[in-house]
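One-letter residues, chain by chain:
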Amino acid sequence: MEMDIVDIDNDEERELLDAELQPDGSVRERDINTKAPGHLQRPAVYTFEEAVEATGFGVFHYMLLCACGWADASDAVEVLCVSFLMEPAGNEMQLSGQELGYLSASIFAGMMVGSYLWGSLADIKGRRGVLVYSLFMNGMFALISSFMQSFGGFLFMRFMSGVG
């Protein structure tokens, strides 16, 4: 059965949805169980809460929660990683305060670019494949950044990690 999800605030709005405007301007109440033209049954109208309740919560939702939770945790680790990297990277590469600022901002600039890129691609290609690819790209560039010996390369890899 198909569902139209409609946000209904009160019973009067529900009654209006179940009413039919006649050519003479009068309103005739619709019987939900009557057949529509072409012998198709009119889909039931649910409030958002009723639709969520009717759908239920199952294994798919738990798997989706785990997958999105890991993706969210990956982003959180990237953000936290920046704070742990500042002092060792600054000491190792003799970076100025301005260069440390660029380093900490690079991942966030990458996230801004990546959110538009991956969001648009997800709308076109589908969310699952795009999520997997972006997480792979994030991990790959984060790993490569750990081997960078120059500030420019490290900065670029952190930016690309943010894009992922």
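Conventions and cut-offs
Residues numbered from 1 in each chain as written. Predicted model: local features only at pLDDT ≥ 70, side-chain atom pairs only at ≥ 80, totals over all residues. Heavy atoms only, no water. Helix = DSSP H or I, 4+ residues; strand = E, 2+ residues; numbered from the N terminus. Buried < 20%, exposed > 50% of the residue type's maximum accessible area, 1.4 Å probe, protein only. Contact = heavy atoms within 4.5 Å. Patch = residues over 30% accessible without salt bridge, like charges linked within 9 Å, V, L, I, M, F, W, Y side chains within 5 Å. Areas by Shrake-Rupley, 256 points an atom, 1.4 Å probe, with all protein chains shown as cover. Salt bridge = Lys/Arg side-chain N within 4 Å of Asp/Glu carboxyl O. Phe/Tyr/Trp six-rings, centres within 6.5 Å; stacked < 30°, edge-to-face > 60°. Axes fitted to C-alpha atoms, helices over the stretch in contact; angles between N-to-C directions. Left-handed = near helix turned anticlockwise from the far one by under 90°. Nonpolar A, V, L, I, M, F, W, Y, C, P; charged D, E, K, R; others polar.

(A) Quick peek at the overall build of the protein chain. Of the regular secondary structure elements, the protein chain holds six helices and six strands. When the helices and strands of the protein chain are listed from N to C terminus, the series reads β-α-β-β-β-β-β-α-α-α-α-α. When each of the 164 residues of the protein chain is scored for burial, the buried share is 25%. Excluding contacts between residues fewer than 6 apart, the proportion of contacts in the protein chain whose partners are at least 24 apart in sequence is 61%.

(B) Expanded view of a nonpolar patch on the surface. A contiguous nonpolar patch, built from Tyr133, Phe136, Met140 and Ile144 and spanning about 390 Å² of accessible area, is present on the exposed surface. Along the chain, methionine 140 turns up in helix 5 (residues 127-145).

(C) Highlighting the packing of aromatic side chains. A full pass over the atoms with the stated rule returns one aromatic pair. Measuring from centroid to centroid gives 5.6 Å for tryptophan 118 and tyrosine 133, while their planes differ by 65°, and the two rings are edge-to-face. Note that tryptophan 118 is positioned in helix 4 (residues 97-125) and tyrosine 133 in helix 5, a separation of 15 residues in sequence.

(D) Geometry of the packing of helix 4 against helix 6 (residues 151-163). Two numbers describe how helix 4 lies on helix 6: the axes approach to 6 Å, and their chain directions differ by 35°. Relative to helix 6, the crossing made by helix 4 is right-handed. Listed contacts from helix 6 to Glu99, Tyr102, Leu103, Ser106, Ile107, Ala109, Gly110, Met111, Val113, Gly114, Leu117 and Trp118 of helix 4 are Phe151, Phe154, Leu155, Arg158, Phe159, Gly162 and Val163. When its residues are assigned to classes, the contact of helix 4 with helix 6 shows 13 nonpolar, four polar and two charged.

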